[in-house]
Amino acid sequence: MSEVKLATETRTEFGKGAARRVRREGRVPGVLYGHGTDPVHITLPGHELLLALRTPNVLLSLELEGKNELAIPKAVQRDPLKGSLEHVDLILVKRGEKVTVEVVIETEGELAPGTFLVENVLNTLSVETEATHIPESVTVSIEGLEAGASILAKDIALPKGTTLVTDADAVAIQILAAQAEEPAAEAAEGEATAGAEA
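The structure presented is a predicted model; accordingly, all values stated were derived computationally and were not measured. (Residues numbered from 1 in each chain as written. Predicted model: local features only at pLDDT ≥ 70, side-chain atom pairs only at ≥ 80, totals over all residues. Heavy atoms only, no water.)

## Observations concerning the nonpolar core
Step number 1: One finds Ile105, Ile156 and Ile173 to be the most contacted residues of the largest nonpolar core, which totals 22 residues.
Step number 2: Where this core is concerned, the elements lending two or more residues are β6 (67-78), β8 (98-108), β10 (124-130), β11 (137-141) and β14 (171-177).
Step number 3: Here this core gets four residues from one element, more than from any other, and that element is β8.
Step number 4: Leaving out residues up to four positions away in the same chain, isoleucine 173 has contacts with Ile105, Thr107, Val118, Glu119, Asn120, Val121, Val140, Ile142, Ala149, Ser150 and Ile151.
Step number 5: Leu49, Leu85, Leu90 and Leu92 belong to the second largest nonpolar core, which has 17 residues in total. (Core = buried A, V, L, I, M, F, W, Y, C linked by side-chain atoms within 4.5 Å. Buried < 20%, exposed > 50% of the residue type's maximum accessible area, 1.4 Å probe, protein only. Helix = DSSP H or I, 4+ residues; strand = E, 2+ residues; numbered from the N terminus. Contact = heavy atoms within 4.5 Å.)

## Brief notes about the environment of aspartate 79
Step number 1: Structurally, aspartate 79 can be placed in the loop between β6 and β7 (85-93).
Step number 2: Relative accessible area serves as the criterion here: at 16%, aspartate 79 is assigned to the buried category.
Step number 3: Beyond its immediate stretch of four places on either side in the chain, aspartate 79 contacts Ser84 and Glu86.
Step number 4: Among the polar contacts listed, one links the side chain of aspartate 79 to the backbone nitrogen of leucine 81, at a separation of 2.8 Å. (Polar contact = N/O pair within 3.5 Å; in protein donor to acceptor, adjacent residues only side chain to side chain.)

Structural data, given as structure tokens:
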């Protein structure tokens, strides 16, 4: 996975007014914590951070006071209307360190012929992996599956060095038969017609 370098500054002003000033300058307030250290209040470049966060579990290389720190996003607050970044919490990580993250489940392939639906019971898997090798997603094949088939968390292949944290027997994906609604609609029309005739 690629690292995204961000020029980071510490901040000493707090509160809503200070946060608004930071955002007006095109930066995003955040907190960096982990490894038993005191939380560090920082600001990050808004546009670059927004682009970086498009990659799930992105690894951020932060240039902070002459040092280089690695971090991953833990919590991101966005403006509910504009979608702009309001605040970000980051966790410090080290190369070789194992972290637990949520990884998106993606499906590939075509279901067996017929009217079947794919239900994603789980959208993500919780996995433990090295901080510098976090997979963006995991892919599972649904090729040829029919109604009643299900894929468990343990059936999904994980990249080397990644272990499953989610309950192994949890259903991740199941295939359902599509419910036909037309006959019910026709029956309702029939009842309405009968009522009109009476």
